[in-house]
Amino acid sequence: MSDIKKGLAGVVADETSISKVNPETNSLLYRGYPVQELASTQPFEAVAYLLWHGELPTDEQLAEFRVAERAHRALQPAVKAAIDQLPLDSHPMDEVRMAVDAIGAIETAGSGNVLDAVGTPKENLERSLRLFAALPAIVAYGQRRRRGLEPVDPRDDLDYAANFLWLTFGEEADPVVVEAFNRSMTLYAEHSFNASTFTARVITSTLSDLYSAVVGAIGALKGPLHGGANEAVQHIFEEIGSAEKVAEWLDAALAEKRKIMGFGHRVYKRGDSRVPTMKASLDTLVEFYDRSDVAELYATLESEFVGRKGIYPNLDYPSGPAYNLIGFDTLTFTPLFVAARVTGWTAHILEQQASNALIRPLSAYNGVDERHIAGYVPDAATL
Ligand code: SDX
C-alpha cells in the first residue's frame, strides 16, 4: 500500500482550535495569539487559562484562577510517599509519571465503573488545574531529593514561575530569571498534535481517564526524539566542552550518524518559530550569569551544524542551556517540559472528550501468507 505515512508524517488526523502551527509562515498561535506575544507579555497562569478557556482571563478571572491554583500547590503526602519508594537514581521523568499516576489513582478511587473515572468536562477542567498546580512541587521535590534536600513549602505570594523556582532552590529568584523561566513555560506549553499530545488524545479516545492520558503523554515526552531532547542538548554541550572543540566533535558525531539533539523538527523545516524568543531569554541569562562561554558554544555549534546539514535548531536547543544556567539538574529539564505541556495536553484531552471518535488507524500486513496447523480439523461451529 503506497499510501502508508510512516510516523503519520503529514497526516491530518483531526481538527483542533487550540493552536495553529504554520511551517509556511514559521508561526505558532495559541487560540489565535502569536506565542511570541504571549511569552513576552503574559504570566504563565494566563496562558494556561487561555488554552483551557479559549480566551485570556480578565484581571478578575486571573485573580480567581490564581487563588484556585495556589490552593493546590502543596506536595501531597501520598505523592511524596510514591516518589520516595523509587530509587534515588530513578529518572525524574519516571518519578513525575509515578506521581501523576498516584494522583490519578487517588482521585479516581471508588469509581467502580471505569466510565465513572472519565469525569465531566467541569471535573476534568478542575483536575487539569490541580495537576498544573501540583507539578512544580513534584518536579522540585525530585531534584531536591536527589541532592539530599528536604522539600520546601510553596509560597502563596509568588506567581507560578517564581514559586516553581522557590520550590526548587529554596530562595527567591531574581526577576530576570523568573521572566526567562516564565517565557520558557509558555513556549513549551502547547504545539498541536506532537507525539505526546497525540498519545494523550489516543488514550482519551478510548474513554480512559485524564490521568491515564497524561501518564501516557509523559511516557512519550521522555523520548530524546521529543521532549528528552532538552536534556540531551545539555549532555552534548558538556561532551563538547568549549566552542573551539565543536568542529572536531561534529565531524565524529556525524560520522557515527548521530542525531544532534536540539536540531530538526517534523513540522518546521526552516527553523522552529519559538527559538528566537527562547534564544532572547537565553541571552539575558548568559548576561545575568556572565557566561559568554555558553553563548559562544551555542553559536558555534549552531553555525557549524546548520552550515553542514541545513537543519535548524528547535526549542530544546536554547532551553537546555537556559535551564542549566538557572541551576536545574540536567535530568530535571524534561520534567520542566511536563509541567508546561500539561496545560496543552489537558486542553487537548478536553477537546477530544468534547468531540470524540476512537483513534484506531489501519496497518498494511506484510507478514507470511495464511497457513494452517498440520492435522487440525476445524470444529464446524467455529467456522
Ligand atoms: C520536540 O512535534 C513537535 O511539535 C515536537 C516539539 C513540541 O513542542 O512538542 O516541537 C518538541 O520534540 C522538538 C524535537 C526535539 N528532538 C530533537 O531535537 C531530536 C533530534 N531531531 C531529530 O531526531 C529529528 O529532527 C526529529 C525527530 C525531530 C524530526 O525528524 P523527522 O521529521 O522524522 O525527520 P527525519 O528524522 O526523517 O530526518 C530527515 C533527515 C534524516 O536524514 P536521512 O536519514 O534522510 O539521511 O534529516 C536528518 C535525518 O537523519 N536529521 C538529522 C537531525 N534531524 C534530522 N540528522 C542529525 N541530527 C538531527 N537532529
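What you are looking at is a predicted structure, and each value in this text was computed from that prediction instead of being measured.

Asker: Any chance you could break down the site of the ligand for me, citing the residues and the numbers?
Answerer: Around the ligand, the surrounding shell holds 22 residues, and the nearest of these are His191, Ile260, Gly262, His265 and Arg274. Between Gly262 and the ligand, the recorded distance is 2.8 Å, taken from a backbone N or O atom to an oxygen atom. Here Lys269 contributes a side-chain N or O atom positioned 3.1 Å from an oxygen atom of the ligand. When isolated, the ligand has an accessible area of 1000 Å², and the protein chains bury 70% of it. A per-class count over the shell around the ligand returns 8 nonpolar, 7 polar and 7 charged. Two domains each provide a minimum of three residues to the shell around the ligand, namely domain 1 (16-223 + 332-354) and domain 2 (229-326).

Asker: Could you give an account of the domain arrangement of the protein chain, naming the residues involved and the relevant values?
Answerer: Under the domain assignment used here, the protein chain contains domain 1 (16-223 + 332-354) and domain 2 (229-326). Using C-alpha coordinates to define each centre, domain 1 is positioned 26 Å away from domain 2. Contact residues are listed per partner, giving 30 residues for domain 1 and 27 residues for domain 2. Between domain 1 and domain 2, the buried area comes to about 2300 Å², and carbon and sulfur atoms account for 62% of it. Of all residues in domain 1, Leu187, Tyr188 and Phe333 bury the most surface against domain 2, accounting for 29% of the area lost on that side. At the boundary of domain 1 with domain 2, the tally comes to 0 salt bridges. On inspection of domain 1 and its partner domain 2, the count reaches 12 residue pairs in polar contact (both at pLDDT 80 or more). The set of elements that each furnish at least two residues to the side of domain 1 that touches domain 2 consists of β2 (27-30), α1 (35-41), α7 (160-169), α8 (175-188) and α16 (333-354).

Asker: So, the pattern of salt bridges: which residues are in play, and what are the values?
Answerer: All chains considered together, the criterion is met by 20 salt bridges. The salt bridge involving Lys222 is made with Asp94; its shortest N-O contact spans 2.8 Å. Residue Lys222 is located in the loop between α10 (210-221) and α11 (229-240), and its partner Asp94 is located in helix α5 (residues 92-107); the two are separated by 128 residues in the primary sequence. On the basis of relative accessible area, Lys222 is assigned to the partly exposed category, the value being 31%.

Asker: Please provide a residue-by-residue account of the nonpolar core, values included.
Answerer: Grouped together as the largest cluster of nonpolar side chains are 99 residues, with contacts concentrated most on Phe181 and Leu301. A total of 11 residues in this core trace back to one element, the largest contributor, which is α16. Shared between two domains, this core takes at least three residues from each, and those domains are domain 1 (16-223 + 332-354) and domain 2 (229-326). If we skip the residues at most four places from it in the chain, Phe181 touches Ala161, Phe164, Leu165, Tyr323, Ile326, Phe328 and Leu336.

Asker: How would you summarise the UniProt feature "active site" (unreviewed entry) in the protein chain if you had to cite specific residues and measurements?
Answerer: Cross-referencing UniProt, the feature "active site" (unreviewed entry) maps to His265 and Asp316 in the present numbering. A maximum C-alpha distance of 10.5 Å places the annotated residues, which cover 52 residues in sequence, within one compact spot. Residue position: His265 is located in the loop between α12 (246-255) and α13 (275-288). The exposure class of His265 is partly exposed, given its relative accessible area of 22%. Filtering out sequence-adjacent residues up to four positions away, His265 remains in contact with His191, Asp272, Arg274 and Asn314. A distance of 2.9 Å separates a polar side-chain atom of His265 from the backbone nitrogen of Val267. You can see Asp316 is positioned in helix α15 (residues 316-326).

Asker: Talk me through the environment of Arg201; I want residue IDs and the actual numbers.
Answerer: Among the structural elements, Arg201 can be located in helix α9 (residues 195-205). In the structure, Arg201 is positioned 156 residues away from Ala357 in sequence and 10.0 Å away in space, judged by C-alpha atoms. When sequence neighbours within four positions are dropped, the list of residues in contact with Arg201 reads Asp14, Glu15, Thr16, Phe193, His348, Glu351, Gln352 and Ile359.

Asker: Would you mind going over α10 in detail, with residue names and values included?
Answerer: Here α10 contains 12 residues, and its C-alpha end-to-end distance of 16 Å stays within 8% of the 16 Å for a straight helix at 1.5 Å per residue. Most of α10 is tucked away, with 9 of its 12 residues classed as buried. Contact partners of the buried residues in α10: α5, α6 (121-146), α9 and α16. N-cap assignment for α10: the residue whose side-chain oxygen lies 3.0 Å from the backbone N of Tyr211 is Asp209.

How each quantity is defined
Residues numbered from 1 in each chain as written. Predicted model: local features only at pLDDT ≥ 70, side-chain atom pairs only at ≥ 80, totals over all residues. Heavy atoms only, no water. Near = heavy atom within 4 Å. Polar contact = N/O pair within 3.5 Å; in protein donor to acceptor, adjacent residues only side chain to side chain. Areas by Shrake-Rupley, 256 points an atom, 1.4 Å probe, with all protein chains shown as cover. Nonpolar A, V, L, I, M, F, W, Y, C, P; charged D, E, K, R; others polar. Domains from an automatic or database assignment. Contact = heavy atoms within 4.5 Å. Buried area = accessible area lost by both parts, 1.4 Å probe. Salt bridge = Lys/Arg side-chain N within 4 Å of Asp/Glu carboxyl O. Helix = DSSP H or I, 4+ residues; strand = E, 2+ residues; numbered from the N terminus. Buried < 20%, exposed > 50% of the residue type's maximum accessible area, 1.4 Å probe, protein only. Core = buried A, V, L, I, M, F, W, Y, C linked by side-chain atoms within 4.5 Å. UniProt positions renumbered as here; feature names shortened; annotations may be inferred. Expected span 1.5 Å × (residues − 1).

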